[in-house]
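Structural characterization, general
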Amino acid sequence: MNNIAQWSIERPLYPWLIILTCLVGGLWGIDTVGRLEDPVFPIKNAYIITVYPGASALEVEQEVTDLVEASLQELPYLYRMTSKSVPGRSEIQVEVHEHYRASEVPQIWDELRRRVGEAAQRLPPGALTPLVEDDFGDVYGILYAVSAPGYSPADIHDMARDISSGLKQVPGVAKVSTAGEPEEAVHVELDNERLVRLGIPVDAVFSGIAAESQIIDAGSVAFGDRRLRVAPEIAFDSVRAVGDMRIGRPGSTEIFRLADVATLSRGPVEVPPHIVRFQGEPVFTVGVSLTDGVNVVDLGREVDAQMARLEANLPLGADEVVDQAIRNFLRNLLLSVATVVGALCLFMGWRAGTVVGSVLLLTVLGTICIMSFLCIELQRISLGALMIAMGMLVDNAIVVAEGMVTGVRTGLSPQAAAARSVRRTQFALLGATVIGLLAFAPIGLSADKSGHFLRSLFQVVAISLLLSWVLAVTVVPLLGSYLLKAGKSAAGETLYSGWGYAPYRALIRLGLRRCWSATLIIVTITGACLWGFGFVKQGFFPMTDSPLYFVDYYLPEGTDIRATADEVEALEQVLMQDPSVVDVASFIGRGPARFMATLRPEQPNPSYAHLLVRVIDVTEMDEVMARSRKKLAA
C-alpha cells in the first residue's frame with residue numbers, strides 16, 4: 001500500500017485492533033511467557049564411565065581407558081576427548097563438533113553407544129559395563145535440600161522415593177533427581193580365632209554369602225491350563241536371615257550358622273560415595289528439571305505446593321531468584337518507558353511525546369506477546385535484548401511523529417501531515433530496521449554453543465524492531481491525528497526560529513565556517529573515547545542476580561571422603577560466621593546437580609567438595625567473597 005497512514009486514519013478500526021491486541025496480548029504474555037534464569041541450549045558433551053574394582057590407576061588406563069578411547073577415535077563427530085583414570089574407575093569425556101545441530105546429537109550418542117558396546121566386549125574380566133551419560137546437560141532449575149533428622153537410612157530412601165514420585169506428577173516436570181541419601185549395609189565382622197578353631201576357611205564364608213545372594217532363573221510347572229512359577233525365597237531379607245546362613249566345614253558334615261562365627265549389624269556404609277550437608281546437617285537433595293517453554297516461577301509454586309503436601313523441609317530454592325529478576329525487569333521497563341516519554345515530551349512537546357511513548361509501550365507489550373506464542377522465554381539474554389532494543393524501538397515512531405509535527409507547523413492538517421510523513425519515510429525506515437536487525441543475525445544464526453545460547457538475542461531484537469515499524473506506520477498516524485493540532489503556516493526560516501534551536505544553529509554555522517578545526521575536534525574526541533574504553537571493565541554477560549557464590553575445595557588425590565568431610569566441616573563453620581551469609585550447602589564427593597546452565601558439576605571424586613553459599617544481598621557479594629577468601633586461606 002502506497003499510503004498506509006491514509007488507510008489507518010480512514011479505517012481506524014484496524015489500528016485500534018492492533019492497539020487492543022498489543023495491550024491484551026502483552027498482559028497475557030507477561031502472565032504466560034516462560035521464565036528461566038538462563039536460556040536453554042544443548043550441551044554436546046557426554047561421559048563414559050567404567051568401573052574396574054580393585055584395579056590401580058595404571059591398570060585402568062591400560063586395560064580400560066585405552067580400549068574405549070581407541071574405539072571412540074573412529075567416530076568423525078568428536079571434537080575433543082579427555083580421559084581420567086583413577087583407581088577402580090575410568091572417566092572419558094567427549095565433546096561433539098559445534099557445527100552439528102542439536103537435532104543430530106541424539107543420533108550421534110546412539111552411534112557412540114554402539115562403539116562403547118563393541119569396546120565393552122574386549123574389556124578385562126572384572127570390569128563392569130561402561131555407562132554412557134549423555135544427559136549431562138540437563139538443568140535442574142529448582143533445587144531443594146531435605147533434612148530428615150532421626151530417620152533411618154531406609155526411611156530416608158523411602159522418603160526420597162515418595163518425593164520423587166510425587167513431583168513427577170506435577171505437569172511441566174521433566175525429571176526429578178535425588179542425591180545424598182545415606183546408603184546402608186549389613187556388616188559382618190568375622191571372629192578369626194573361632195574360624196581357625198573350627199577349621200572353617202574365610203573363603204568358604206565369602207563363597208557361601210555369594211552363593212546365597214545369587215539370583216537364579218525361576219522354574220515353572222504346568223498345572224492344568226496354567227503354568228505356575230517355582231522360585232526359591234529371597235535368602236536375605238533381614239540381618240537375622242544373614243546370621244542364619246549355614247556354613248559347612250570342608251571334609252566334615254558339621255554345619256554352623258554364620259552368627260556363630262561372626263558379629264552382624266546393620267548400619268551406614270563405611271565409606272559413603274556422596275555426602276550432602278546443609279547448614280552443617282546431613283540432607284539429601286531433590287532436583288527438578290523442567291520441560292522446554294515452562295514458566296519456572298509458576299512451576300516452582302506448584303512444586304512448592306506439592307512439596308508442602310509431602311510435608312518436607314525445603315530450605316533451598318532457585319525459583320525465587322528468577323521471579324525477583326523478572327520483577328526487577330518489569331520495574332526497569334516502566335522506568336525506561338517513563339524516562340523516554342519524559343525526554344520526548346521535553347524536546348518534542350507533550351503531544352508528540354505521548355504518541356511516541358504510547359507506541360513504545362505497545363511495542364514492548366506486543367513483543368512479549370509474540371515471545372509467549374513462539375515459546376521464547378524471559379531469561380537473562382532475552383531480557384538483555386529488550387533493554388538493548390529499547391533505544392532503537394523509538395526511532396521509527398520519532399521519525400514519523402517528527403514529520404507530522406513539522407507538517408502541522410507548516411499549516412497542514414494532522415491527517416495530511418501523517419500521510420505525507422509516512423509516504424516519505426515508510427520504506428526508508430523499513431530498510432533501516434532490517435539493517436539494524438541484520439547486525440544481530442550472525443549471533444542468532446550461528447550453529448556453535450554461543451549461537452544457541454544467544455539465539456533469543458537476535459529473535460527478540462528482530463521481533464521488537466519489525467513490530468516497532470508496523471506500529472510507527474499505522475498507530476502513530478492514528479494517535480497523531482487525535483493529539484496533534486493544526487497550527488499557523490510557517491515558512492522554513494521561521495519553523496526553526498525558536499529559542500531551543502538557536503544554540504544548535506550557531507554550532508552548525510561555526511562548524512561549517514571552521515570545518516578543519518571541527519574535524520580535528522571530532523577525531524580527538526573519537527580517539528579519547530577509544531583510549532577510555534581500555535579502562536572500562538569488560539564482561540560478556542552482566543552479573544547474575546542470584547545471591548550465590550561457590551567454593552571448590554580440592555584435597556590430594558586419594559584422600560578418603562570422610563577426611564574430606566571433616567575438612568569441609570571446619571570450612572562450613574568459618575563461612576557461617578559471616579553475618580552476610582544466609583546458608584551454606586556442601587556437596588562432598590562430587591558436584592551438585594546442574595541447577596544452572598553455566599555450571600559444570602564435578603564428577604565423583606572423594607577428595608573434592610563443592611560449597612554453595614547464599615548471601616543476603618547480591619550487591620555485597622564481592623565484599624563477602626573477599627572476606628571468605630581471606631578466612632579460608634588462613
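**What to know about the overall build of the protein**
- Looking only at helices and strands, the protein has 22 helices and 17 strands in total.
- The contacts in the protein between residues at least 6 apart in sequence include a share of 77% that link residues at least 24 apart.
- Total accessible area on the protein stands at roughly 33900 Å², and carbon and sulfur atoms take up 59% of it.

**As for the sheet that holds strand β4 (residues 131-133)**
- The strand order across the open sheet formed by four strands is β2-β3-β1-β4, and the pairing between neighbours is antiparallel. The open sheet has two free edges, formed respectively by β2 (78-86) and β4, since each of these has just one partner strand. For this sheet, the mean angle separating the axes of adjacent strands, direction not counted, is 15°.
- Inspection of the sheet shows strand β1 (residues 45-51) paired to β4 by three bridges, in the antiparallel sense. Each bridged residue has a counterpart across the sheet, and for isoleucine 48 the counterpart in β4 is valine 132.

**Topic: the environment of valine 359**
- As for its position among the elements, valine 359 is in helix α12 (residues 350-373).
- Beyond its immediate sequence surroundings of up to four residues, valine 359 is in contact with Ala397, Leu471, Val475 and Val476.

**So, the packing of aromatic side chains**
- Tallied over the full model, the rule gives four aromatic pairs.
- Ring geometry for tryptophan 28 and phenylalanine 373: centres 5.1 Å apart, planes at 40°, overall tilted. Placement of tryptophan 28 in helix α2 (residues 13-32) and of phenylalanine 373 in helix α12 is noted, with a sequence separation of 345 residues between them.
- Judged by relative accessible area, which is 59%, phenylalanine 373 ranks as exposed.
- A ring pair is formed by tryptophan 531 and phenylalanine 535, whose centres lie 4.8 Å apart and whose planes are at 65°; its orientation type is edge-to-face. Each of the two residues, tryptophan 531 as well as phenylalanine 535, counts as exposed.

**Remarks on the confidence of the model for the protein**
- A residue-level look at the protein finds 86% of positions with pLDDT of 70 or above and a mean pLDDT of 79.
- Least confident of the elements in the protein is helix α18 (residues 492-495), whose mean pLDDT is 54; most confident is helix α20 (residues 515-533), at 91.
- Note on residues 312-322: pLDDT is under 50 here. Beyond four places in sequence and across chains, it has 38 contacts.

**Concerning helix α3 (residues 57-72)**
- Within α3, the axis deviates most sharply at threonine 65, by approximately 35°.
- Among all positions of α3, only Val60, Val64, Thr65, Val68, Glu69, Ser71 and Leu72 are buried.
- Buried-residue contacts for α3 involve β1, β2, β3 (89-96) and α4 (105-120).

**Quick notes on the packing of helix α13 (residues 380-409) against helix α17 (residues 455-483)**
- At a minimum axis distance of 8 Å, the contact between α13 and α17 shows a crossing angle of 25°. As the angle between them shows, α13 and α17 are arranged roughly parallel. Helix-helix and strand crossings are classified by hand; for α13 and α17 the assignment is right-handed.
- Of the residues in the contact of α13 with α17, the class split is 19 nonpolar, seven polar and no charged.

**Section: the state of the cysteines**
- Per the stated rule, a full pass over the model turns up zero disulfides.
- Looking at the unpaired cysteine 369, the closest cysteine sulfur is the one in cysteine 22, lying at 7.6 Å.

**A closer look at the nonpolar core**
- Counting 56 residues, the largest nonpolar core has Leu360, Val400, Leu471, Val475 and Val476 as the members making the most contacts within it.
- Going through the elements one at a time, α2, α11 (319-348), α12, α13, α14 (414-438) and α17 are the ones with two or more residues in this core.
- What valine 400 contacts, discounting residues up to four positions off in sequence, is Ser421, Val422, Thr425, Leu429, Ala472 and Val476.
- Among the nonpolar cores identified, the runner-up in size contains 24 residues, and Ile48, Val105, Leu112 and Leu123 belong to it.

**As for a nonpolar patch on the surface**
- Among the surface-exposed residues, Leu13, Tyr14 and Leu17 lie close enough to one another that they form a single nonpolar patch of about 310 Å² accessible area.
- Its relative accessible area of 56% is what places leucine 13 among the exposed residues.

**A short note on the pattern of salt bridges**
- Taken as a whole and judged by the stated rule, the model has twelve salt bridges.
- Ionic pairing is found between glutamate 91 and arginine 89, a salt bridge with its closest N-O pair at 2.7 Å.
- Judged by its relative accessible area of 18%, arginine 89 is buried.
- Glutamate 111 is paired through a salt bridge with arginine 115; the nearest N and O atoms lie 3.9 Å apart. Note that glutamate 111 and arginine 115 are positioned in helix α4 at a spacing of four residues, about one turn of the helix.

**Considering α12**
- Spanning 24 residues, α12 covers 34 Å between terminal C-alpha atoms, matching the ideal 34 Å at 1.5 Å per step.
- The element α12 is extensively covered by neighbouring structure, given that 17 of its 24 residues are classed as buried.
- Note on α12: the residue one or two positions beyond its end, cysteine 375, has a positive phi of about 60°.

**Digging into the packing of α12 against α17**
- α17 packs onto α12 with a crossing angle of 145° between their chain directions and a minimal axis gap of 8 Å. When you trace α12 past α17, the crossing you get is right-handed. Contact with α12, carried on its side by Arg351, Thr354, Val355, Ser358, Val359, Leu362, Thr363, Gly366, Thr367, Ile370 and Met371, involves Val460, Ile463, Ser464, Leu467, Ser468, Leu471, Val475, Val476, Leu479, Gly480 and Leu483 of α17 and no other residues of that element.
- Residue composition of the contact of α12 with α17, grouped by class: 13 nonpolar, eight polar and one charged.

**Concerning unusual backbone geometry**
- If you check the backbone angles, glutamine 279 has positive phi at about 55° while not being a glycine.
- Relative to the helices and strands, glutamine 279 is located in the loop between β13 (275-278) and β14 (281-290).
- A relative accessible area of 30% places glutamine 279 in the partly exposed class.

**A look at the side chain of threonine 363**
- Checked against the element boundaries, threonine 363 lands in helix α12.
- Setting aside residues no more than four positions away along its own chain, threonine 363 makes contact with Leu393, Ser464, Leu467, Ser468 and Leu471.

**Examining the pairing of β14**
- Taken across its ten residues, β14 has eight buried, putting it largely inside the fold.
- Here strand β6 (residues 173-179) runs beside β14; their pairing, made up of six bridges, is antiparallel. When the sheet's bridge partners are listed, valine 176 is paired in β14 with valine 288.
- Examined bridge by bridge, β13 and β14 share two bridges and lie antiparallel to one another. Within the sheet, the bridge partner assigned to phenylalanine 278 lies in β14 and is glutamate 281.

The rules behind the values
Residues numbered from 1 in each chain as written. Predicted model: local features only at pLDDT ≥ 70, side-chain atom pairs only at ≥ 80, totals over all residues. Heavy atoms only, no water. Helix = DSSP H or I, 4+ residues; strand = E, 2+ residues; numbered from the N terminus. Contact = heavy atoms within 4.5 Å. Areas by Shrake-Rupley, 256 points an atom, 1.4 Å probe, with all protein chains shown as cover. Pairing = 2+ DSSP bridges. Axes fitted to C-alpha atoms, helices over the stretch in contact; angles between N-to-C directions. Phe/Tyr/Trp six-rings, centres within 6.5 Å; stacked < 30°, edge-to-face > 60°. Buried < 20%, exposed > 50% of the residue type's maximum accessible area, 1.4 Å probe, protein only. pLDDT = per-residue confidence, 0-100. Bend = angle between axes of the 7 residues up to and from the residue. Parallel < 35°, antiparallel > 145°, perpendicular 65-115°, else oblique. Left-handed = near helix turned anticlockwise from the far one by under 90°. Nonpolar A, V, L, I, M, F, W, Y, C, P; charged D, E, K, R; others polar. Disulfide = S-S within 2.5 Å. Core = buried A, V, L, I, M, F, W, Y, C linked by side-chain atoms within 4.5 Å. Patch = residues over 30% accessible without salt bridge, like charges linked within 9 Å, V, L, I, M, F, W, Y side chains within 5 Å. Salt bridge = Lys/Arg side-chain N within 4 Å of Asp/Glu carboxyl O. Expected span 1.5 Å × (residues − 1).

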